[in-house]
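Tertiary structure, described
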Amino acid sequence: MVLSKAQEDLITPTIQKIVDKIKPEIIICYGSRTTTLIESGIFVMENGSREREFHTFDLLIITSDELKPEHINIVETAEKEAISPIKVHCMTHKIGYVNGAVRNSVRFFCSVILKGRVLFDRGEKKLIECENIPEQDLAVTWEWWYDLAQKYLGLADHAFGNGWYKQTAFLAHQVVESTCIGLLQVFTGYRARSHNIRRLLKLTQTFSVLPGTIFPSVTCEERTILSLLTNAYLDTRYKTGYEISKADTAVVLDRAKLFISRGDDLYRLQTSNNLVVEPLAEQFELLKEARF
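Residues numbered from 1 in each chain as written. Predicted model: local features only at pLDDT ≥ 70, side-chain atom pairs only at ≥ 80, totals over all residues. Heavy atoms only, no water.

Focus: the overall build of the protein chain
Within the protein chain one finds 11 helices and four strands. Along the first, second and third principal axes, the C-alpha set of the protein chain runs to 60 × 60 × 45 Å. In the protein chain, buried positions account for 45% of the 292 residues. With an accessible surface of roughly 15,500 Å², the protein chain has 53% of that area assigned to carbon and sulfur atoms. Averaging the coordinates of the 35 positive side-chain charges in the protein chain and doing the same for the 37 negative ones gives two points 4 Å apart. (Helix = DSSP H or I, 4+ residues; strand = E, 2+ residues; numbered from the N terminus. Buried < 20%, exposed > 50% of the residue type's maximum accessible area, 1.4 Å probe, protein only. Areas by Shrake-Rupley, 256 points an atom, 1.4 Å probe, with all protein chains shown as cover. Lys, Arg positive; Asp, Glu negative; His and termini not counted. Charge placed at Lys NZ, Arg CZ, Asp CG, Glu CD.)

Remarks on the packing of helix α5 (residues 138-161) against helix α6 (residues 165-188)
Put simply, α5 and α6 touch, their axes get as near as 8 Å, and they point 170° apart. Overall, the two elements α5 and α6 adopt an arrangement that is roughly antiparallel. Here the contact of α5 with α6 is composed, by residue class, of 18 nonpolar, eight polar and no charged. (Axes fitted to C-alpha atoms, helices over the stretch in contact; angles between N-to-C directions. Parallel < 35°, antiparallel > 145°, perpendicular 65-115°, else oblique. Nonpolar A, V, L, I, M, F, W, Y, C, P; charged D, E, K, R; others polar.)

Quick look at the pattern of salt bridges
With the rule as written, the count across this model stands at 16 salt bridges. K17 serves as the salt-bridge partner of E81, at 3.5 Å between the closest nitrogen and oxygen. With E81 in the loop between α2 (74-80) and β3 (86-94) and K17 in helix α1 (residues 5-22), this pair connects stretches of sequence that are 64 residues apart. K17 sits in the partly exposed class, given a relative accessible area of 35%. (Salt bridge = Lys/Arg side-chain N within 4 Å of Asp/Glu carboxyl O.)

A few points about the side chain of E177
In this fold, E177 is placed in helix α6. In this structure E177 is buried but unpaired, with R191 as the nearest side chain of opposite charge at 6.7 Å. Ignoring sequence-local partners within four residues, the contact set of E177 consists of S194, H195, I197, L200 and Y233. (Contact = heavy atoms within 4.5 Å.)

Considerations on the sheet that holds strand β4 (residues 117-121)
Sheet architecture is open: four strands sit in the order β3-β2-β1-β4, paired in mixed fashion. Each of the sheet's edge strands pairs with one partner strand only, and the pair in question is β3 and β4. Taken pair by pair, the neighbouring strands of this sheet meet at an average axis angle of 30°, ignoring direction. With nine bridges joining them, strand β2 (residues 49-63) and β3 adopt parallel strand pairing. Opposite D58, over in β3, you have H89 as the bridge partner. (Pairing = 2+ DSSP bridges.)

Here we look at the environment of G116
Residue placement: G116 occurs in the loop between α4 (107-115) and β4. Excluding anything up to four places from it in sequence, G116 contacts M1, I28, C29 and S111.

Digging into the confidence of the model for the protein chain
A low pLDDT score tells you not to read the predicted coordinates there in detail. Looking at the protein chain as a whole, the pLDDT averages 91, with 91% of positions reaching at least 70. Contacts of residues 275-281 to residues separated by more than four positions or lying in other chains number 11 contacts, the stretch itself having pLDDT below 50. (pLDDT = per-residue confidence, 0-100.)

Looking at the pairing of β2
As defined by bridge partners, strand β1 (residues 26-40) adjoins β2 across 14 bridges and the pair is classed as antiparallel. Each residue of the ladder has a partner; that of T36, found in β2, is E53.

A few points about α1
The terminal C-alpha atoms of α1, which comprises 18 residues, lie 25 Å apart, in line with the 26 Å expected from a rise of 1.5 Å per residue. The largest bend along α1 measures about 35° and falls at I11, with the proline P13 one to four residues further on. The inward-facing, buried residues of α1 abut β1, β2, α2, β3 and β4. Just beyond α1, the residue with positive phi is K23, at close to 60°. (Expected span 1.5 Å × (residues − 1). Bend = angle between axes of the 7 residues up to and from the residue.)

A look at unusual backbone geometry
With an omega of 10°, the peptide bond running from S84 to P85 counts as cis. Within the element layout of this structure, P85 appears in the loop between α2 and β3. The phi dihedral of K23 falls on the positive side, at around 60°, and the residue is not glycine. By the secondary structure assignment, K23 is in the loop between α1 and β1.

Here is the structure:
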């Protein structure tokens, strides 16, 4: 992966803050995105027009085997260190885990080590060299996760029909979670173990903007929908007195149905074009269809 000098200059201060705070062994960038915001109008400062860029970097933070997770929430801490106008989406693993994954030919870690851009290396611990990127049976992987998500969806429809709304919301969460995990495995080879929908949606941005557009979180209403879905996973089981209205449940369930449908569209685009990332023209056609 190649970063421009401008990108390197942008990310360097944030990397230094992460290094100072977390003391990692290695930091590797495996993705980046730039969004341009163009504003114009008679009330816009700077002669009626303004253009700004916002940058996102995907980072694998590799720590020593001795670092105990309970001492610090590495992902949350690292992401808070990002200096505007950039954001960082992080995942973290211990070096022993990463080396073990490479020995076992896990596609994600082999890809990141072979193609990623090392932004920091303490030089005290070594990653195992990876000679090639292993192949993966994408059809088997996707069919397993898609089938699981479809079964959760069938149960969610049954629960909704019986008026079991909190159970419906929980199952809708499982639909989206399973779809995200399946997409991540197909496109990147990474097996996510998080139940956090917000975290999973962030990880999908490294290969497509489409999953995130189903839960855009750009308005209060949209943020509420994502919160209802995200919170349902724990609240249904552990929050005494937790309830969700029929109307809110219907919205969450409909959004889960749209998500699994668009996830399957993405997978089929990937396989039909034999590409890791779908062509932009086709991706934007899917974005148009995803409007609700």
